Amino acid sequence: MDIFSKIAAGVIPSYKCAESEDFYAFLDINPLVKGHTLVIPRREVDYIFDMEDEELAAFQVFAKKVAIAIKKAFPCKKVAEVVLGLEVAHAHIHLIPMQSEGDVDFRKEKLKLSEEEFKAIADKIYTEFIKG
């Protein structure tokens, strides 16, 4: 079981933003901005384009619902969707609220947030996700 599967299973704690039977969303612990969320399939698959077409389509629809919740929780111009995937061998999407393209620069210094801040951010997104 890889690290993201352990997170989705609750073996490793996370700041849950949304979940379904097949997918899980949680805050990035090294966020670029407040609301930076990772979305993963519960099934272990390394490369996003190795997913079956139906699963990939459902993954994108789930990510869209999370992005809508992020935008409501953290008003921004857009929510960026970034797929990198070399650090963890588990398909994942970064959803990043942005006011400018500079908000999506992975080379910049990451935010340092307290546990309370992480919890408040995750709760805000989760609440908006549940509202639909």
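Here is what the cut-offs are and how they apply
- Residues numbered from 1 in each chain as written.
- Predicted model: local features only at pLDDT ≥ 70, side-chain atom pairs only at ≥ 80, totals over all residues.
- Heavy atoms only, no water.
- Helix = DSSP H or I, 4+ residues; strand = E, 2+ residues; numbered from the N terminus.
- Buried < 20%, exposed > 50% of the residue type's maximum accessible area, 1.4 Å probe, protein only.
- Contact = heavy atoms within 4.5 Å.
- Pairing = 2+ DSSP bridges.
- Axes fitted to C-alpha atoms, helices over the stretch in contact; angles between N-to-C directions.

(A) Structural view of the environment of Pro41. The residue Pro41 is located in strand E3 (residues 37-41) in this model. Using a relative accessible area of 0% as the deciding quantity, one classes Pro41 as buried. Once the C-alpha coordinates of Pro41 and Ala58 are considered, the two residues, 17 residues apart in sequence, prove to be 9.6 Å apart. Those residues in contact with Pro41 that sit more than four places away from it in its chain are Asp22, Phe23, Met51, Glu55, Phe59, His90 and Ala91.

(B) Molecular detail of the environment of Lys71. Positionally, Lys71 belongs in helix H2 (residues 53-73). Apart from residues no more than four positions distant in its own chain, Lys71 is found in contact with Cys76, Lys77, Lys78 and Val79.

(C) Molecular detail of the pairing of strand E5 (residues 93-98). Across the six residues that make up E5, a large majority, six, are buried. Here E5 shows no split at all, with Ile93, Leu95 and Pro97 on one side and His94, Ile96 and Met98 on the other all buried. Bridging between E3 and E5 involves three bridges; their strand directions are antiparallel. When the bridges of E5 are listed, Thr37 appears paired with Leu95. Looking at chain direction, strand E4 (residues 78-82) and E5 are connected through five bridges and run antiparallel. Residue pairing in the sheet places Lys78 in a bridge with Met98 of E5.

(D) View of the sheet that holds E5. Overall, antiparallel pairing links the five strands, which are arranged E1-E2-E3-E5-E4 in an open sheet. The open sheet has two free edges, formed respectively by strand E1 (16-19) and E4, since each of these has just one partner strand. When the angles between neighbouring strand axes are averaged without regard to direction, this sheet yields 20°. Packed onto the sheet, H2 meets E1, strand E2 (23-27), E3, E4 and E5 and runs at close to 155° relative to E3.

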